[in-house]
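Analysis of the macromolecular model
Below are the chains, spelled out letter by letter.
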Amino acid sequence: MSVVLHSARDADLAVLAALHSACFPEEAWDSAALATVLAMPGAAGRIAIDEAQSISGLLIDQCLGEDAEILTLCVAPASRRGGVARRLIADLVIRARALGAHRILLEVAADNRPALTLYEAMGFYRQGTRTAYYRRANRPAVDAWRLCLDLPAAT
């Protein structure tokens, strides 16, 4: 899938909230939460725009010092397995290096096999666990795995 990446804007917040809800119905961020996160020091939001001019993906990160962290990454269900997430992460690698980051960190639900497969394929490795971190309605809580991608200096 061909996408173009842009910085998220305030005008995108309602669409981004709907996307986040479609991807994480039990942990969805509304427009106000997204605005709050994007206003944090070092935070940036990048969106993927597909051929139909629809927002097909979102990555919000925070780069502070040696660490960059993926705060959320979501891809519209109809756009999954088309390279959108990989493209957003590759963009973050470039931006994080430019800002002096040495690593990218994230947390992912231990039962999110598609995300884990992607992260492992991109070189992330498991660094730790937050036991029973994700609370699920009418289901047992799920561990969060802390993943890390080391960023070697650009050559």
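As a reminder, the structure under discussion sits directly above these lines.
Okay, so let's go over this structure. Predicted, not measured: the structure shown is a model, and the values here were computed from it.

Section: the packing of aromatic side chains
Here the structure, examined in full by the defined rule, presents two aromatic pairs. Their ring planes at 65° and their centres at 5.3 Å tell us that Tyr-119 and Phe-124 sit as a pair that is edge-to-face. The exposure class assigned to Tyr-119 is buried, which follows from its relative accessible area of 7%. Measuring from centroid to centroid gives 5.0 Å for Tyr-133 and Tyr-134, while their planes differ by 85°, and the two rings are edge-to-face.

Some remarks on the sheet that holds strand β6 (residues 125–136)
The strand order across the open sheet formed by seven strands is β1-β2-β3-β4-β5-β7-β6, and the pairing between neighbours is mixed. Each edge of the open sheet carries a strand with a single partner, namely β1 (4–7) and β6. On average, each strand axis in the sheet is tilted by 25° relative to the strand beside it, whichever way the strands run. Sheet analysis places strand β2 (residues 43–49) next to strand β3 (residues 55–64), joined by seven bridges and oriented antiparallel.

Some details on helix α3 (residues 84–98)
For α3, spanning 15 residues, the distance from its first C-alpha to its last is 22 Å, which sits close to the expected 21 Å at 1.5 Å a residue. Along α3, the residues classified as buried are Val-84, Ala-85, Leu-88, Ile-89, Asp-91, Leu-92, Val-93, Arg-95 and Ala-96. Gly-100 occupies a position one or two residues after α3 and carries a positive phi of about 90°.

Concerning the pattern of salt bridges
Summed over the entire model, instances satisfying the criterion amount to ten salt bridges. Notably, a salt bridge pairs Asp-12 with Arg-9, separated by 3.1 Å at the nearest N-O pair. Owing to a relative accessible area of 6%, Asp-12 belongs among the buried residues under this scheme. Assessed through its relative accessible area of 52%, Arg-9 is described here as exposed. One salt bridge in this structure joins Asp-91 and Arg-95, with 2.9 Å as the shortest N-O distance. Within this pair, Asp-91 and its partner Arg-95 are both found in helix α3, separated by four residues, close to a single helical turn. With respect to burial, Asp-91 and Arg-95 carry one shared label: buried. Members of the salt-bridge network, linked through shared partners, are Arg-46, Asp-61, Asp-91 and Arg-95.

Focus on the environment of Ala-11
In this fold, Ala-11 is placed in the loop between β1 and α1 (13–23). Under the relative-accessibility criterion, Ala-11 is labelled exposed at 66%. Sequence separation between Ala-11 and Ile-89 is 78 residues; the distance between their C-alpha atoms is 23 Å.

With respect to the side chain of Gln-62
In this structure, Gln-62 sits in strand β3. Reaching out from Gln-62, the side chain makes a polar contact with the backbone oxygen of Pro-41 at a distance of 2.8 Å. With residues near it in sequence (within four places) discarded, Gln-62 still touches Met-40, Pro-41, Gly-42, Ala-43, Asp-67, Ala-68, Glu-69 and Leu-71.

Side note on the environment of Leu-13
Mapping Leu-13 onto the fold places it in helix α1. A relative accessible area of 9% places Leu-13 in the buried class. Separated by 122 residues in sequence, Leu-13 and Arg-135 place their C-alpha atoms 25 Å apart. Once you skip the residues sitting within four places of it in the chain, Leu-13 turns out to touch Ser-31, Leu-34, Ala-35 and Leu-38.

Let's talk about the pairing of strand β7 (residues 139–150)
Bridge count for strand β5 (residues 103–109) against β7 is seven bridges, and the pairing is antiparallel. What sits directly across from Leu-105, in β7, is Cys-148. Inspection of the sheet shows β6 paired to β7 by seven bridges, in the antiparallel sense. Paired with Tyr-125 across the strands is Cys-148, a residue of β7.

Conventions and cut-offs
- Residues numbered from 1 in each chain as written.
- Predicted model: local features only at pLDDT ≥ 70, side-chain atom pairs only at ≥ 80, totals over all residues.
- Heavy atoms only, no water.
- Phe/Tyr/Trp six-rings, centres within 6.5 Å; stacked < 30°, edge-to-face > 60°.
- Buried < 20%, exposed > 50% of the residue type's maximum accessible area, 1.4 Å probe, protein only.
- Pairing = 2+ DSSP bridges.
- Helix = DSSP H or I, 4+ residues; strand = E, 2+ residues; numbered from the N terminus.
- Axes fitted to C-alpha atoms, helices over the stretch in contact; angles between N-to-C directions.
- Expected span 1.5 Å × (residues − 1).
- Salt bridge = Lys/Arg side-chain N within 4 Å of Asp/Glu carboxyl O.
- Polar contact = N/O pair within 3.5 Å; in protein donor to acceptor, adjacent residues only side chain to side chain.
- Contact = heavy atoms within 4.5 Å.

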